[in-house]
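Report on the structure
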Amino acid sequence: MSTSKRRTRRYHHGDLPAALLRTAGKILEKERLEALTLRTLARRTGVSHAAPYRHFRDRESLLAALAAEGFAMLGKAQREAAAAAGLRGMGEAYVRFALEQPQRFRLMFGGEVPIARHPALRDVAMHAFDALSGALAARVPEARGARDSSIAAWALVHGLAQLLLEERVDPAARGARSQAQFTSDVLATIRFAAGAAIQAPAGAAQSA
């Protein structure tokens, strides 16, 4: 039996899109974005060069699907963390995701894929942010305050994740703490933010 026939039979009854995304994710993390092409993906997955184009019309569509999958994974991790450890748990889950999947995280936020051109990616990304907004809304009753607090919280955890990814934190500042403990300690220092927002008068933002 020829190699092409063996490859065809291998995925005839399988979930080829899932297999392609799984292989693409491995290439992305191990070899970085530049190494990820549809031709390379086909070869690594064990299918014909034309097979990926049946599910992804071009490389950008593949990257959009990888980014969307990343946002779905991030959202799931944050929901599970919120159930176990509240808002700080959500922040820790965000940073942990970035450190465990740095190349996927960079793809999600690096501007390589124009989100406006990919509705499915835009929807799942917004859903991940809305989960954070919803968690904060329970503590910040006023709608605008909840939204602003969500952006502030996002900026904090995203900035911390980026600093750790790029190794911009002075080792002396981290000391002997693990990245997980350091992240937890840093996020613990801003617990006052939500409390201040709750105690602020409803018209404070407008009168300032």
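Up top is the structure.
The structure displayed is predicted, hence computed values, not measured ones. (Residues numbered from 1 in each chain as written. Predicted model: local features only at pLDDT ≥ 70, side-chain atom pairs only at ≥ 80, totals over all residues. Heavy atoms only, no water.)

1. A few points about the overall build of the protein chain
Put simply, the rule is: Numbering of helices and strands runs from the N terminus, with a helix taken as a DSSP run of H or I at least four residues long and a strand as a DSSP run of E at least two residues long. Relative accessible area decides the class of each residue, using a 1.4 Å probe on protein chains only: under 20% of the type maximum gives buried, over 50% gives exposed, and in between gives partly exposed. Throughout, a contact is declared for two residues whenever any of their heavy atoms are within 4.5 Å. Per-residue and other accessible areas follow the Shrake-Rupley method at a 1.4 Å probe size, with only the shown protein chains counted as cover for residues.
A tally of regular secondary structure across the protein chain gives eleven helices and zero strands. Counting all 208 residues of the protein chain, 38% fall into the buried class. A separation threshold of at least 6 residues defines the contact pool for the protein chain, and within that pool the share at least 24 residues apart is 63%. On the protein chain, roughly 12100 Å² of surface is accessible, and the fraction owed to carbon and sulfur atoms is 55%.

2. Here we look at helix 4 (residues 59-100)
The condition is simple: Multiplying 1.5 Å by the residue count of a helix minus one yields the expected span of that helix. Within 3.5 Å is the distance limit for a polar contact, defined as a pair of N or O atoms, with the added protein rule that one can donate a hydrogen and the other accept it, and that residues adjacent in sequence qualify only through two side-chain atoms.
Taking 1.5 Å as the rise per residue, helix 4 with 42 residues should run 62 Å; its terminal C-alpha atoms sit only 24 Å apart, a clear shortfall. Its side-chain oxygen placed 3.3 Å from the backbone nitrogen of glutamate 60, aspartate 58 serves as the N-cap of helix 4.

3. With respect to the pattern of salt bridges
The line we're drawing: Only one rule defines a salt bridge in this text: a Lys or Arg side-chain nitrogen within 4 Å of an Asp or Glu carboxyl oxygen.
Tallied over the full model, the rule gives eight salt bridges. Measuring nitrogen to oxygen at the nearest pair gives 2.6 Å for the salt bridge that ties arginine 117 to glutamate 60. Linking arginine 117 in the loop between helix 5 (102-109) and helix 6 (119-137) with glutamate 60 in helix 4, this pair joins segments that are 57 residues apart in sequence. Measuring nitrogen to oxygen at the nearest pair gives 2.8 Å for the salt bridge that ties arginine 104 to glutamate 69. Residue arginine 104 is found in helix 5, and its partner glutamate 69 is found in helix 4; the two are separated by 35 residues along the sequence.

4. Some details on the packing of aromatic side chains
For clarity, the cut-off: Classification of ring pairs uses Phe, Tyr and Trp, with its six-membered ring standing for Trp, and accepts pairs whose centres are within 6.5 Å; under 30 degrees between planes counts as stacked, over 60 as edge-to-face, and the remaining range as tilted.
Scanning the model with the defined rule gives six aromatic pairs in all. For the ring pair phenylalanine 109 and tryptophan 154, a centre distance of 6.3 Å and an interplane angle of 55° mean the geometry is tilted. One end of the pair, phenylalanine 109, is in helix 5; the other, tryptophan 154, is in helix 7 (residues 143-165), and 45 residues separate them in sequence. Given a relative accessible area of 27%, phenylalanine 109 falls into the partly exposed group. Taken together, Phe71, Tyr94, Phe105, Phe109, Phe129 and Trp154 form an aromatic cluster joined through their ring pairs.

5. Focus: the packing of helix 2 (residues 16-31) against helix 3 (residues 38-45)
Inclusion rule: Helix axes are fitted to C-alpha atoms over the stretch in contact, other axes to C-alpha atoms as well, and angles between N-to-C directions run from 0 to 180 degrees. Should an angle fall under 35 degrees it is taken as roughly parallel, and over 145 as roughly antiparallel, whereas 65 to 115 is taken as roughly perpendicular and any remaining angle as oblique. Left-handed describes a crossing whose near helix is turned anticlockwise from the far helix by less than a right angle; the clockwise case is right-handed.
As a packed pair, helix 2 and helix 3 sit with axes 9 Å apart at the nearest point and diverge in direction by 110°. The orientation of helix 2 with respect to helix 3, classified from their angle, is roughly perpendicular. Our pair here, helix 2 against helix 3, has a crossing hand that is right-handed. On helix 3, the residues that touch Leu16, Ala19, Leu20, Thr23, Ala24, Ile27 and Glu31 of helix 2 are Thr40, Leu41, Arg44 and Thr45.

6. A few points about the nonpolar core
Counted only if it meets this: Only buried Ala, Val, Leu, Ile, Met, Phe, Trp, Tyr and Cys residues count toward a nonpolar core, and they belong to the same one when joined by side-chain atoms within 4.5 Å.
Among the nonpolar cores identified, the biggest contains 41 residues, and Leu62, Leu66, Leu107 and Leu121 are the most heavily contacted of them. Broken down by secondary-structure element, the contributors of at least two residues to this core are helix 2, helix 3, helix 4, helix 5, helix 6, helix 7 and helix 9 (179-188). With twelve residues, helix 4 is the single largest residue contributor to this core. If sequence neighbours within four positions are ignored, leucine 62 has contacts with Leu21, Ala24, Leu36, Leu38, Leu41 and Phe56.

7. Quick look at unusual backbone geometry
Residues apart from glycine generally show negative phi values, whereas peptide bonds are mostly found in trans. Of note, the phi angle at arginine 32 is positive, near 75°, even though the residue is not glycine. Looking at the secondary structure, you find arginine 32 in the loop between helix 2 and helix 3. Even without glycine at this site, glutamate 167 takes up a positive phi of about 55°. Note that glutamate 167 resides in the loop between helix 7 and helix 8 (171-174). Its relative accessible area of 71% is what places glutamate 167 among the exposed residues.

8. Here we look at helix 2
Along its 16 residues, helix 2 runs 22 Å from first to last C-alpha, staying within 8% of the 22 Å computed at 1.5 Å per residue. Looking at helix 2, one finds that the buried residues are Leu16, Ala19, Leu20, Leu21, Thr23, Ala24, Gly25, Ile27 and Leu28. Remark: arginine 32 follows helix 2 within two positions and exhibits a positive phi of approximately 75°.

9. Regarding the packing of helix 2 against helix 4
Running from amino to carboxyl end, helix 2 crosses helix 4 at an angle of 85°, the nearest separation of the two axes being 10 Å. Our classification of the angle between helix 2 and helix 4 gives roughly perpendicular. Residues Leu21, Ala24, Gly25 and Leu28 of helix 2 touch helix 4, and the partners they reach there are Leu62, Ala65, Leu66 and Glu69.

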